[in-house]
There are 2 protein chains.
Amino acid sequence: MKRQNVRTLSLIICTFTYLLIGAAVFDSLESDFEIENRRNLRERERKIREKYNITDEHFEKIRINVIKSKPYQAGTQWKFSGALYFSLVVVAVIGYGHSTPKTVSGKLFCMGYALAGIPLCIIMFQSVGERLNTFMSYGLKQIKKCFRLKKTEVSQTDLIFVTMNLSTIIVAVGALIFSHYEGWEYIDSLYYCFITLTTIGFGDYVALQKKDKVQTHYYAFSLLFILFGLTVISAAMNLLVLRFLTLNSEDERRDELEAAIAAQNAVHLEGDVITGNAGVVGNAQERPDFQETLSVCSCSCNKWRSARDKIYGATNNPTRTKSFMSNNVTTTKEDNNSETDSFLLWQRSKRASF
Amino acid sequence: MKRQNVRTLSLIICTFTYLLIGAAVFDSLESDFEIENRRNLRERERKIREKYNITDEHFEKIRINVIKSKPYQAGTQWKFSGALYFSLVVVAVIGYGHSTPKTVSGKLFCMGYALAGIPLCIIMFQSVGERLNTFMSYGLKQIKKCFRLKKTEVSQTDLIFVTMNLSTIIVAVGALIFSHYEGWEYIDSLYYCFITLTTIGFGDYVALQKKDKVQTHYYAFSLLFILFGLTVISAAMNLLVLRFLTLNSEDERRDELEAAIAAQNAVHLEGDVITGNAGVVGNAQERPDFQETLSVCSCSCNKWRSARDKIYGATNNPTRTKSFMSNNVTTTKEDNNSETDSFLLWQRSKRASF
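- Per an unreviewed UniProt entry, the recorded name for chain A is Potassium channel domain-containing protein, and the organism is Mytilus galloprovincialis.
- Check the Sequence similarities (unreviewed entry) section of the UniProt entry for chain A; it says "Belongs to the two pore domain potassium channel (TC 1.A.1.8) family."
- Under the UniProt heading Subcellular location (unreviewed entry), the note attached to chain A is "Membrane".

Here it is, written out as structure tokens:
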């Protein structure tokens, strides 16, 4: 079975297992409170209904009315400021649902708007995230130089460490500010920041939804928190997740290359036996593709590695000179093996440096 | 200014402009209805309160009670089935918010669960999506063969076309089924499917939330709709968005390569003037890095292209033999230029075939 199919299958199994475990834990954590809470709420409802002797039909009317009026508790939602907040919540796929389009035209526009806005937003966040990584690696290098450290190179682990810390700081500090302005418990505020920046956006806690007028600087902060927060998360994702996303296509390329190498070995043997060295040269000149593929694999190992060396300062590999030497036309079987080795090394180094 | 900075800056400007336009349109579409709707709701509230003469304090109690009880209208939320639905909604970052953890331990677990679950889910969807693309390109090739078409190769445009259509079919058919089971208008059901599969998940429409017991096959369908739907969307994203995500890092590599080529040209000149050809050979042997980088660029152009040719059947490039010839040690300036050309060609072809 192809390794990319095995990988995909194991990922599916992992996800399903993870979902089942999650369901079991949430069930055990929330069920008791839910039953208790539900009983209390019913009890309170019963008391008030008895007090005013409200009929079922009328209480249902009140219920529907209250739920429909909920978005308007925080004042008009669709003024420009509210609409801007909503637009951001849509394109960043947070989707609190604190206010949603009610008209058919609004719903249709919302779909069209998301269709173009979401890819734009993903690309923007990833692009800024990648710039942020480059900037941070430069900054780190300078700091290391300032402290006169021997190893001034910035490894990917350094970057991941910094991004992770930056994300934690953003969530922690953000939570502090939101809890101050919204009057939430710190843990709830932390939960709000996390649920927002992961773009889950339940909407059980939503900023800027208090009855009293929102201050402009707090409004600006709330929007910038989402934008900057998601950028840093994207920077982390860019380092952590993105390289996994291309594993399968890399394997496809590797399989093709290995097939090409195998094919060349076969042809080589024939060349050696029948026509000797001159024949091999002739052969090689007739089939540039293989030679190219070989020089790709051998050279790109070193190219990718040297590219990474410049950025992350990984140590040079002994196969370098060997694979460089194999760039001449008369390639021997040993060279091919060394090239396969160095290609696999390149695969690893590329994944590590993505 | 570096091209990757220009790209990032223009992306930021685009996104902000897009947000402002969105805000203006949503404002104009929703504001009038909101004002009207709000007045009607207030009027109904006033009538009922007058009828039963409910005090402000008590009506506020009713309001809070009704909003808190809302999740329980659909029966117990945190039984295993509900918790499983919730877990999926979390890891797929849909976050309807139809039911959310209320206990501190529940909130803490939810954060930890999302932290590991979301990357797992992204990687799984992308991996399955990529497999789906490979499978579809194979299927398309077979179909083209069946119809005895001259050009049996599957272009990326073909794939995007098929994935887009598949996504549309899933949303359209899904909407039909949901509108049947949930008793929604078709447009609302369509809106629900779209908002779910884009992972916005407002939660204004949520499946499986009716009072009467949910049939098992409909429950299974709702979960599979999300899983399969998101896989197909990922397949589309894999083709459309993913290649943009690596543009900046590709440019970084390109800049390094161009610098290397420039450096080598300089060294060459010195070699030519002072030591002549032998000197150049000597030079070259002393600095394999440049040679490697050069052979990477020239060869990988063809390697990447030939890799893509196998998959998408792009036409071969005339620079191939030229750049292949330049694999010997004594490289001339012309070769370097041809290599730069073919490297840029490779950049384009790589982006196209990502």
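### Things to note about the overall build of chain A
Part 1 of the argument: Within chain A one finds 13 helices and 0 strands.
Part 2 of the argument: The order of α-helices and β-strands along chain A, N terminus first, is α-α-α-α-α-α-α-α-α-α-α-α-α.
Part 3 of the argument: Counting every position in chain A, which comprises 354 residues, the buried fraction comes to 54%.
Part 4 of the argument: As presented, chain A carries roughly 15,900 Å² of accessible surface, and 64% of it is formed by carbon and sulfur atoms.

### With respect to the relation of the copies chain B and chain A
Part 1 of the argument: For the pair chain B and chain A, the relating rotation is 180 degrees, the translation along its axis is 0.0 Å, and the fit reaches an RMSD of 0.1 Å. Those values place the two copies in the arrangement expected of a two-fold rotation axis.
Part 2 of the argument: Residue by residue, 100% of the interface of chain B is reproduced at the interface of chain A, so both copies engage with the same surface.

### As for the interface of chain B and chain A
Part 1 of the argument: Opposite the 140 residues of chain B that make contact, chain A presents 142 residues.
Part 2 of the argument: Summed over the shared surface of chain B and chain A, the result is 2 salt bridges.
Part 3 of the argument: Taking the shortest distance from any N to any O, the salt bridge between K107 of chain A and D188 of chain B comes out at 2.7 Å.
Part 4 of the argument: The interface formed by chain B and chain A holds 38 residue pairs in polar contact (both at pLDDT 80 or more) in total.

### Re the UniProt feature "domain: Potassium channel" (unreviewed entry) in chain A
Part 1 of the argument: Those residues carrying the UniProt feature "domain: Potassium channel" (unreviewed entry) are residues 76–132 and 169–241 of chain A in this numbering.
Part 2 of the argument: Between the end C-alpha atoms of residues 76–132 of chain A the distance is 37 Å, and the span holds 72% helix and 0% strand.

### Some details on helix α1 (residues 3–52) of chain A
All names here are of chain A.
Part 1 of the argument: Taking 1.5 Å of rise per residue, the 50 residues of α1 would be expected to cover 74 Å, and the 69 Å separating its terminal C-alpha atoms lies within 8% of that figure.
Part 2 of the argument: At E30, α1 shows its strongest bend, of approximately 40 degrees.
Part 3 of the argument: Trailing α1 by a residue or two, N53 shows a phi angle of about 50 degrees, which is positive.

### Some points on the packing of helix α6 (residues 186–197) of chain B against helix α7 (residues 216–240) of chain B
Residues and elements named next belong to chain B.
Part 1 of the argument: In contact at an axis separation of 10 Å, α6 and α7 are set at 65 degrees when each is read in the N-to-C sense. α6 and α7 meet at a crossing whose hand is right-handed. Within the contact between the two elements, α6 uses C193, T196 and L197 and α7 uses F225, I226, G229, L230 and I233.

### Some remarks on the nonpolar core
Part 1 of the argument: Of all hydrophobic cores here, the largest spans 121 residues; its most connected members are Y85 and Y192 of chain A together with Y85 and Y192 of chain B.
Part 2 of the argument: Not counting residues up to four positions away in its chain, the partners in contact with Y85 of chain B are Y96, H98, Y192, V206, A207, L208, Q209, Y219, L223 and I226 of chain B.

### A closer look at the environment of V173 of chain B
Part 1 of the argument: Structurally, the position occupied by V173 of chain B is in helix α5 (residues 156–182).
Part 2 of the argument: With 20 residues separating them along the chain, V173 of chain B and C193 of chain B place their C-alpha atoms 9.6 Å apart.

What counts, and at which threshold
Residues numbered from 1 in each chain as written. Chains lettered and ligands numbered in written order. Predicted model: local features only at pLDDT ≥ 70, side-chain atom pairs only at ≥ 80, totals over all residues. Heavy atoms only, no water. UniProt positions renumbered as here; feature names shortened; annotations may be inferred. Helix = DSSP H or I, 4+ residues; strand = E, 2+ residues; numbered from the N terminus. Buried < 20%, exposed > 50% of the residue type's maximum accessible area, 1.4 Å probe, protein only. Areas by Shrake-Rupley, 256 points an atom, 1.4 Å probe, with all protein chains shown as cover. Least-squares fit on C-alpha atoms with pLDDT ≥ 70 in both. Contact = heavy atoms within 4.5 Å. Salt bridge = Lys/Arg side-chain N within 4 Å of Asp/Glu carboxyl O. Polar contact = N/O pair within 3.5 Å; in protein donor to acceptor, adjacent residues only side chain to side chain. Expected span 1.5 Å × (residues − 1). Bend = angle between axes of the 7 residues up to and from the residue. Axes fitted to C-alpha atoms, helices over the stretch in contact; angles between N-to-C directions. Left-handed = near helix turned anticlockwise from the far one by under 90°. Core = buried A, V, L, I, M, F, W, Y, C linked by side-chain atoms within 4.5 Å.

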